[in-house]
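# Analysis of the macromolecular model
Here is what each chain is made of, one letter per residue.
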Amino acid sequence: MKNILTAFLLLATTITFAQNVPQATFEKKGLKFDEIQEGTTLRVVWYFSNTGNAPLVIHSAKPTCGCTDIIYPKSAIAPGAKDSIVASFNSTGRPHYNAKGVNLSSNTGDISLVFEVMVRPSDALKPEEAAPRIDKHKGHNH
């Protein structure tokens, strides 16, 4: 009888704890953007909700590159509440394809977010300038 009572209490405790957890549900964890001109700053926003039934706490948000700054909620997000993670990507010196990430540490575990963008180089040549220049050498005597 003692074992049955202990098992019942253990099960009840587990169910109670399992029901009181936060859950970060993102609209999209991966975002893709159109081409931007090198030197511009791209603002990236990931929207999410706490679909759990306990407060969600984001302990830290770290970009995978020094070219990206992050703004994230510093206070707990209540169950049912919505919020966002905002990144500012500085495209200076980052021409062509870029895939950057943001790693979140939260009381639900680690969360990874990504964005992709093609950066058009600021010094892009016109097609006629890109062709090799051929000088006709008339020749001379040495």
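None of these values were measured; they are calculated from a predicted model.

Glancing now at the environment of His59. As for its placement among the helices and strands, His59 is situated in strand S5 (residues 58–63). Note on His59: relative accessible area 48%, which makes it partly exposed. Placed 46 residues apart in sequence, His59 and Ser105 show a C-alpha to C-alpha distance of 5.4 Å. Once you skip the residues sitting within four places of it in the chain, His59 turns out to touch Tyr72, Ser105, Ser106 and Asn107.

Let us now look at the pattern of salt bridges. Pairs may arise between side chains of opposite charge once their charged atoms sit close together. In the structure shown here, the tally under the stated rule is 1 salt bridge. Measuring nitrogen to oxygen at the nearest pair gives 2.6 Å for the salt bridge that ties Arg120 to Glu35. You can see Arg120 sitting in strand S9 (residues 109–120) and its partner Glu35 sitting in the loop between strand S2 (30–32) and strand S3 (36–37), a full 85 residues away along the chain. Among the residues examined, Arg120 registers a relative accessible area of 34% and is labelled partly exposed. For Glu35, a relative accessible area of 45% gives the class partly exposed.

A word on the confidence of the model for the protein chain. Interpretation of the predicted coordinates at a detailed level should be avoided for regions scoring low in pLDDT. With 74% of its residues at a pLDDT of 70 or more, the protein chain has an overall mean of 85. Across residues 125–140, confidence stays below pLDDT 50; counting only partners more than four residues off in sequence or on other chains, it has 1 contact.

The next subject is the environment of Leu104. Take Leu104: it is sitting in strand S8 (residues 96–106). What makes Leu104 buried here is its relative accessible area of 2%. A C-alpha to C-alpha distance of 9.6 Å links Leu104 and Ile85, two positions 19 residues apart in sequence.

This brings us to unusual backbone geometry. With a phi angle near 80°, His96 is a residue other than glycine that sits in the positive phi range. The exposure class of His96 is partly exposed, given its relative accessible area of 47%.

As a further point, take the pairing of strand S4 (residues 41–50). Of all 10 residues in S4, 7 are buried; the element is thus mostly enclosed. In the sheet, strand S1 (residues 24–26) pairs with S4 via 3 bridges, with the strands oriented antiparallel. Residue pairing for S4: Ala24 is matched across the bridge by Asn50. Across 9 bridges, S4 lies against strand S7 (residues 82–90) in antiparallel orientation. Counterpart to Phe48 in the pairing with S7 is Asp83.

This part is about the sheet that holds S1. In spatial order, the strands read S1-S4-S7-S6; together these 4 strands make up an open sheet with antiparallel pairing. Each end of this open sheet is capped by a strand with a single partner; those strands are S1 and strand S6 (68–71). Taken over all neighbouring pairs, the strand axes of this sheet differ in orientation by 30° on average, direction set aside.

Analysis parameters
- Residues numbered from 1 in each chain as written.
- Predicted model: local features only at pLDDT ≥ 70, side-chain atom pairs only at ≥ 80, totals over all residues.
- Heavy atoms only, no water.
- Helix = DSSP H or I, 4+ residues; strand = E, 2+ residues; numbered from the N terminus.
- Buried < 20%, exposed > 50% of the residue type's maximum accessible area, 1.4 Å probe, protein only.
- Contact = heavy atoms within 4.5 Å.
- Salt bridge = Lys/Arg side-chain N within 4 Å of Asp/Glu carboxyl O.
- pLDDT = per-residue confidence, 0-100.
- Pairing = 2+ DSSP bridges.
- Axes fitted to C-alpha atoms, helices over the stretch in contact; angles between N-to-C directions.

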